[in-house]
Amino acid sequence: MDNIAARYDNDAEEIHDTEIKCPQDEEIHQHFKVYKKRFWILGIYSFLAFFQCLQWNLWGPLSDSVDTAFEGFGSDTVAMLANWGTITFLISAYPSVWIVDKRGIRVGVLIIAGLVTASTAMRAISMLFHSDTVVKVMCHLGAIVNGAAGPIVMTAPPVIAAVWFPPDERTTATGCGQLITLLGSAGSYLQPLIVRSPKHADKEEIRSDIARLLYIYVGVSLFCLVTVALYFPEKPSTPPSVSSSKKRIDLKGSAGKLVRNPNFGLTTISMAFCIAVPAGWYTVLNYSLGEIGIMQDEAMGIGFLAVLCSTLFGLLVSRITDILYGHLRVSLMFLMIGNIVFFYWFFLLSWGCINVSQWQVYVTVICGMSLNGSTIPLFTELAVEFAYPCSELVVAGFFTFAMNGLGMIFLFLFLIPDIGYEWVTYVLLATMSTSLILLVFIKENYKRMKEDKQGTATAE
């Protein structure tokens with residue numbers, strides 16, 4: 001084995017010898033390698049996705065400040081700026097998946113970096129004009145451009161995990177890519193550290209704070225663009241597993257097979273109901289908290305801790321899933337039952353059935369969002385297992401399209417005049433319950449993992 005290992009790159013951490021039987025019954029001795037550079041690939045992608053998500057949730061955590069600084073920035077505008085992400089996603093989903101399928105993940109990540117840079121520049125340029133109308137228009141355009149990067153951001157993690165990571169790290173890698181993206185929302189809740197609230201500054205001072213923040217974002221986006229352009233390889237020279245070495249069904253073929261797969265369909269719909277509304281609610285969380293007496297400064301802490309805990313707990317769940325693979329559906333059901341319990345508690349607080357206290361608000365929002373966020377990588381892995389050997393890119397495209405469609409409907413409801421915010425808790429409970437019911441009818445099948453463990457390539 002030492003002689004064999006000497007033939008490979010120094011950054012290979014493992015070499016797996018596996019016999020793969022081809023249709024002619026000839027045995028081929030194939031080696032699999034795991035590279036240290038996989039952490040760079042996942043890390044730089046995750047930071048870029050984190051930053052894109054931060055730009056998506058840019059204005060919600062600054063609701064009080066922007067309402068003072070710019071005329072017409074009420075809850076309807078803030079909700080619409082977030083909703084451009086879902087609308088643009090639905091429009092650009094197929095072109096984005098097609099580009100990545102034909103040109104590869106490197107081109108896809110470069111597109112993300114370019115679009116995010118363009119969106120930050122639009123918003124920053126608007127601050128050079130002393131016109132609330134110009135600022136509002138450019139903010140909408142920036143939200144549209146940033147939203148166009150969403151399809152690739154949301155579909156890339158399972159692809160990167162499948163191409164670069166061994167089977168016992170795939171769920172963790174998928175979880176990192178997806179959950180660190182969510183940290184962008186947590187980062188947006190730290191913005192009040194730079195942008196003062198109306199309690200501490202007047203209109204012009206707040207505008208100056210916002211301008212400074214937007215200029216910082218331009219610098220960060222340029223850094224990401226240059227870094228990805230300099231080094232982001234398409235794939236390793238040697239695959240890490242049997243399934244990663246197997247060619248996937250093309251875009252059209254994958255779509256056709258997935259549409260006819262009932263387990264995949266149920267998983268996709270269940271995931272959309274579970275994730276879409278809580279994700280949309282998070283962008284306008286300040287308004288729900290304001291109804292129970294929690295204003296911007298305090299909401300900052302709740303929002304930040306909710307996503308931070310969601311990410312950390314989700315990564316823990318992902319790692320445990322990799323170690324004890326084969327119980328995805330049961331794990332999801334337990335997480336969702338807990339999620340419903342905490343959202344129901346928040347529902348009772350919102351409707352005055354329980355006297356509101358600070359600790360209860362923290363517990364219900366943080367625990368509810370943590371349990372909800374931790375389901376994302378598990379849903380993704382379950383869907384990929386059902387779909388194999390269909391392309392992971394197409395799989396992610398299907399369920400992110402479903403999530404954004406439902407999220408768009410939810411955020412559009414905020415445009416209804418005088419609708420208030422109390423209805424949100426009803427929708428949270430209804431969608432979570434629907435997701436749990438659908439999950440009951442799903443039958444598990446771990447085709448990809450079985451192939452990797454057996455070390456044999458099965459015929460289609």
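Residues numbered from 1 in each chain as written. Predicted model: local features only at pLDDT ≥ 70, side-chain atom pairs only at ≥ 80, totals over all residues. Heavy atoms only, no water.

Asker: I'm lost on helix H12 (residues 262–283) in this one. Help?
Answerer: In an α-helix there are 3.6 residues to a turn, and that puts residues three or four apart on one side. For H12, built from 22 residues, the straight-helix expectation of 32 Å at 1.5 Å per residue is met to within 8% by its first-to-last C-alpha distance of 32 Å. Counting buried positions along H12 gives 16 out of 22 residues, so the element sits mostly inside the fold. Two to three positions downstream of the cap, the backbone nitrogen of Asn 263 sits 3.2 Å from a side-chain oxygen, assigning the N-cap of H12 to Asn 261. (Helix = DSSP H or I, 4+ residues; strand = E, 2+ residues; numbered from the N terminus. Expected span 1.5 Å × (residues − 1). Buried < 20%, exposed > 50% of the residue type's maximum accessible area, 1.4 Å probe, protein only. Polar contact = N/O pair within 3.5 Å; in protein donor to acceptor, adjacent residues only side chain to side chain.)

Asker: Before we go on, may I ask you to explain the packing of H12 against helix H15 (residues 328–350) in this structure?
Answerer: How two helices pack is summed up by the angle between their axes together with the distance between the axes. Running from amino to carboxyl end, H12 crosses H15 at an angle of 35°, the nearest separation of the two axes being 13 Å. The interaxial crossing formed by H12 with H15 has left-handed handedness. For the pair formed by H12 and H15, the contact residues are Ser 270, Cys 274, Pro 278 and Trp 281 on the first element and Met 336, Phe 343 and Phe 346 on the second. Class assignment of the residues belonging to the contact of H12 with H15 gives a composition of six nonpolar, one polar and no charged. (Axes fitted to C-alpha atoms, helices over the stretch in contact; angles between N-to-C directions. Left-handed = near helix turned anticlockwise from the far one by under 90°. Contact = heavy atoms within 4.5 Å. Nonpolar A, V, L, I, M, F, W, Y, C, P; charged D, E, K, R; others polar.)

Asker: Is there a simple way to explain the nonpolar core in this structure?
Answerer: Within soluble globular proteins, side chains that are nonpolar tend to cluster in buried spots. By size, the foremost hydrophobic cluster in this structure holds 124 residues, and its most contacted members are Tyr 45, Trp 59, Ile 210, Trp 281, Leu 289 and Val 365. Ranked by residues supplied to this core, first place goes to H15 with eleven residues. Contact partners of Tyr 45, with chain neighbours within four places excluded, come to Val 109, Ile 112, Ile 152, Val 153, Ala 156, Pro 157, Ile 160, Gly 177, Thr 181 and Phe 232. (Core = buried A, V, L, I, M, F, W, Y, C linked by side-chain atoms within 4.5 Å.)

Asker: Would you mind showing me how to read the side chain of Thr 321 here?
Answerer: One can find Thr 321 in helix H14 (residues 296–323). Apart from residues lying up to four places away in sequence, Thr 321 is in contact with Thr 171, Leu 328 and Leu 378.

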